[in-house]
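Understanding the architecture of this molecule
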Amino acid sequence: MKYFIILVSLCLGMTLASKARFDNYHVVRVNVDTEVQLNVLRELEDQNSGYMFWETPVAVGRSVDFVVPPHKLAETDVIFEKFGFKSLTLAKNLQTLIDNEGAADNLRARAGLEWTNYYPLEAIYDWMDSLVAQYPNVVTPFIVGKTYEGRDIKGLKVSYKAGNPGIFMESNIHAREWVTSASSTWILNQLLTSKDAGVRDIAENIDWYFVPVANPDGFVYTHTSNRMWRKTRQPSSSLCYGADPNRNFGYKWMSGGSSNNACSDTYAGKSEFSEPETAALAAFYTTVAKNITAYIDFHSYSQLLMYPYGTTVAGSISNEAEHIQVGTEMQKKLSERYGTKYEFGNIVTTIYVASGGSIDWIKGVHDTPFVFVYEMRDTGRYGFILPADQIIPNAEETLDSLVEMVKQARVLGYFKSARN
Ligand SMILES: [Zn+2]
């Protein structure tokens, strides 16, 4: 017994020791008012010296949130003073946010997910498997492909009848954006269980393809090792790992807003589709694209609803007016239930230039009629570490906006039958 206790303690100790902690790490927001300030922030990000940028500094006139480790606080004060940064401390202890977030790493979903905790990949996959068993005539599993570390990228199709138009739901391609897969799985569950007439309508008259965790290796890593991980996990240099999968898609790749520094959080990869995860998602999508009327991509955070393109060189999409018409009503719906305010617009004008994103590829290569990307809650109080008690409200307002998307698109003649 004594040896058992020692063994268990050792194992626990090893687990704790291998997981990065962020005690006394500050989360700071700075305004970027000048080109000089922008370049200073870019340099800090590129140094890879302990600062973690929650948003990449890309333009004058936008604020940037980043994490400052305790041993860099004094240096940061000097930099702020020297270059005249206006700053705001959003949090003084990142670890406290993480401790209070509601991660349930020790929970396995036996009777299903409850959306009051954030679950690890095995629990999400177990739950997906259970839906296939529970709804054999409606839910069909599919495998998008394999990750670099050999995991399946699992998906589910929800189809109540043949000949429906389709919606494709991608989430959690950025590993640390946990609320995105939590919300997409909640929405998937609502399509199967809700009695609301609006939800039943879109559930039964549309085929839904869900890929809740598009970057499983990165997602697992956020649960086991580093909550702040964003990228894939394929080695990118002798010292650094991963590419930003949402800068790795092969449409106008590396044409702004992405990095060729292998250690950067926005590293675009060695080449377009260098990451097995993005190559697999693109190959899978190609097999179903003709059935898809809308592609939805969930990210966090900032409360933004956007449409392609994210590059300055691509110009505007062919049916931009339709995106504006539909998206404006979605934006209203997002605030109706809880007053959550979203900004809405084209990626470049609403947020920044970001090339190689999945939605640019979806629109540019497949011309899927409607393509929207959400940056979900919040606006920076918790950032990526959104407390689990916000999962359901976040997902509810998102589902409201998806019901509205279909309603508005139908007015324009879409969603009447397969791919139109
Ligand atoms: Zn993201």
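Everything quoted here is computed from the prediction, not taken from an experiment.

Let's talk about the packing of aromatic side chains
Counting across every chain of the model gives 30 aromatic pairs. Ring centres 5.2 Å apart and planes at 85° place the aromatic pair F22 and Y25 in the edge-to-face group. The pair formed by F22 and Y25 is uniform in burial state, with each residue classed as buried. The interplanar angle of 5° and the centroid separation of 4.5 Å between the aromatic rings of F142 and F284 together place this pair among those described as stacked. Here F142, found in strand β5 (residues 139–146), pairs with F284, found in helix α9 (residues 276–288); they are 142 residues apart in sequence, far enough to count as distant. The exposure class of F142 is buried, given its relative accessible area of 11%.

Let's talk about the packing of helix α6 (residues 178–193) against helix α13 (residues 391–411)
At a minimum axis separation of 9 Å, α6 and α13 run at an interaxial angle of 60°. Regarding the angle of α6 to α13, the classification is oblique. In this structure, α6 meets α13 at a crossing whose hand is right-handed. Touching V179, A182, S183, W186, I187 and Q190 of α6 are I391, I392, N394, A395, E396, T398, L399 and L402, all from α13. Across the contact of α6 with α13, the residue classes break down as nine nonpolar, four polar and one charged.

Looking at the domain arrangement of the chain
The domains assigned to the chain are domain 1 (26–100) and domain 2 (106–412). One C-alpha centre belongs to domain 1, the other to domain 2, and the line joining them spans 27 Å. If you look at the interface, domain 1 gives 15 residues, while domain 2 gives 22 residues. When the buried area of domain 1 at its contact with domain 2 is split by residue, W54, R62 and L97 rank highest and sum to 34% of it. Taken together, the connections running from domain 1 to domain 2 amount to zero salt bridges. Linking domain 1 to domain 2 there are six residue pairs in polar contact (both at pLDDT 80 or more). Contributing elements (two or more residues each) for the side of domain 1 that touches domain 2: β2 (52–53) and α4 (94–99). If one sorts the elements of the side of domain 1 that touches domain 2 by residue count, α4 sits on top with three residues. Of the residues that constitute the side of domain 1 that touches domain 2, the class distribution is eight nonpolar, two polar and five charged.

Regarding the sheet that holds β2
Read from one edge to the other, the open sheet built from four strands follows the order β2-β3-β1-β4, with strand pairing classed as antiparallel. Either end of the sheet is taken by a strand with one partner, and the two such strands are β2 and β4 (87–91). Examined bridge by bridge, strand β1 (residues 26–31) and β4 share four bridges and lie antiparallel to one another. When the bridges of β4 are listed, V27 appears paired with A91.

Let's talk about the side chain of R200
Looking at the secondary structure, you find R200 in helix α7 (residues 197–204). In this structure R200 comes out as buried when scored by relative accessible area, which is 18%. Among residues more than four places away in sequence, those in contact with R200 are Y160, Q190, L191, L192, T193, S194 and K195.

As for the sheet that holds strand β9 (residues 292–300)
Sheet architecture is open: eight strands sit in the order β5-β6-β8-β7-β9-β12-β10-β11, paired in mixed fashion. Either end of the sheet is taken by a strand with one partner, and the two such strands are β5 and β11 (343–346). Across the sheet, the mean angle separating the axes of adjacent strands is 20° when strand polarity is ignored. Pairing of strand β7 (residues 166–171) with strand β8 (residues 207–211), which is carried by five bridges, proceeds in the parallel orientation. Across the sheet, residue G166 finds its bridge partner in β8, namely D207. Seen against the sheet, α9 touches β5, β6 (152–158), β7, β8 and β9 and runs at an angle of roughly 135° to β5.

Quick word on the environment of A395
With respect to the secondary-structure elements, A395 resides in helix α13. On a C-alpha basis, the gap between A395 and L412 in space is 26 Å, while along the polypeptide they are 17 residues apart.

A closer look at the environment of T379
Mapped onto the elements, T379 comes out in the loop between β12 (370–376) and α13. Residue classification places T379 among the partly exposed positions, given a relative accessible area of 46%. Each C-alpha atom, one on T379 and one on S302, is 4.4 Å from the other, the two residues being 77 residues apart in sequence. Those residues in contact with T379 that lie beyond four places of it in its chain are R29, Y301, S302 and Q303.

Digging into the packing of helix α10 (residues 320–336) against α13
One way to put it is that α10 packs onto α13 with a least axis distance of 8 Å and a crossing angle of 150°. Relative to α13, the element α10 lies roughly antiparallel. The interaxial crossing formed by α10 with α13 has right-handed handedness. Contact residues: V326, E329, M330, K333 and L334 in α10; E397, T398, D400, S401, E404, M405, Q408 and A409 in α13. The residue inventory of the contact of α10 with α13, partitioned by class, reads five nonpolar, three polar and five charged.

Details of the UniProt feature "active site" (unreviewed entry) in the chain
What UniProt calls "active site" (unreviewed entry) maps, in this numbering, to E375. Along the polypeptide, E375 turns up in strand β12. Residue E375 is classed as buried on the basis of its relative accessible area, which comes to 12%. Ignoring any residue separated from it by four or fewer positions in sequence, one finds E375 in contact with H299, S300, Y301, S302, Q303, L304, M306, Y342 and I351. A distance of 3.5 Å separates a polar atom in the side chain of E375 from the backbone nitrogen of S300.

Definitions and cut-offs
- Residues numbered from 1 in each chain as written.
- Predicted model: local features only at pLDDT ≥ 70, side-chain atom pairs only at ≥ 80, totals over all residues.
- Heavy atoms only, no water.
- Phe/Tyr/Trp six-rings, centres within 6.5 Å; stacked < 30°, edge-to-face > 60°.
- Buried < 20%, exposed > 50% of the residue type's maximum accessible area, 1.4 Å probe, protein only.
- Helix = DSSP H or I, 4+ residues; strand = E, 2+ residues; numbered from the N terminus.
- Axes fitted to C-alpha atoms, helices over the stretch in contact; angles between N-to-C directions.
- Parallel < 35°, antiparallel > 145°, perpendicular 65-115°, else oblique.
- Left-handed = near helix turned anticlockwise from the far one by under 90°.
- Contact = heavy atoms within 4.5 Å.
- Nonpolar A, V, L, I, M, F, W, Y, C, P; charged D, E, K, R; others polar.
- Domains from an automatic or database assignment.
- Buried area = accessible area lost by both parts, 1.4 Å probe.
- Salt bridge = Lys/Arg side-chain N within 4 Å of Asp/Glu carboxyl O.
- Polar contact = N/O pair within 3.5 Å; in protein donor to acceptor, adjacent residues only side chain to side chain.
- Pairing = 2+ DSSP bridges.
- UniProt positions renumbered as here; feature names shortened; annotations may be inferred.

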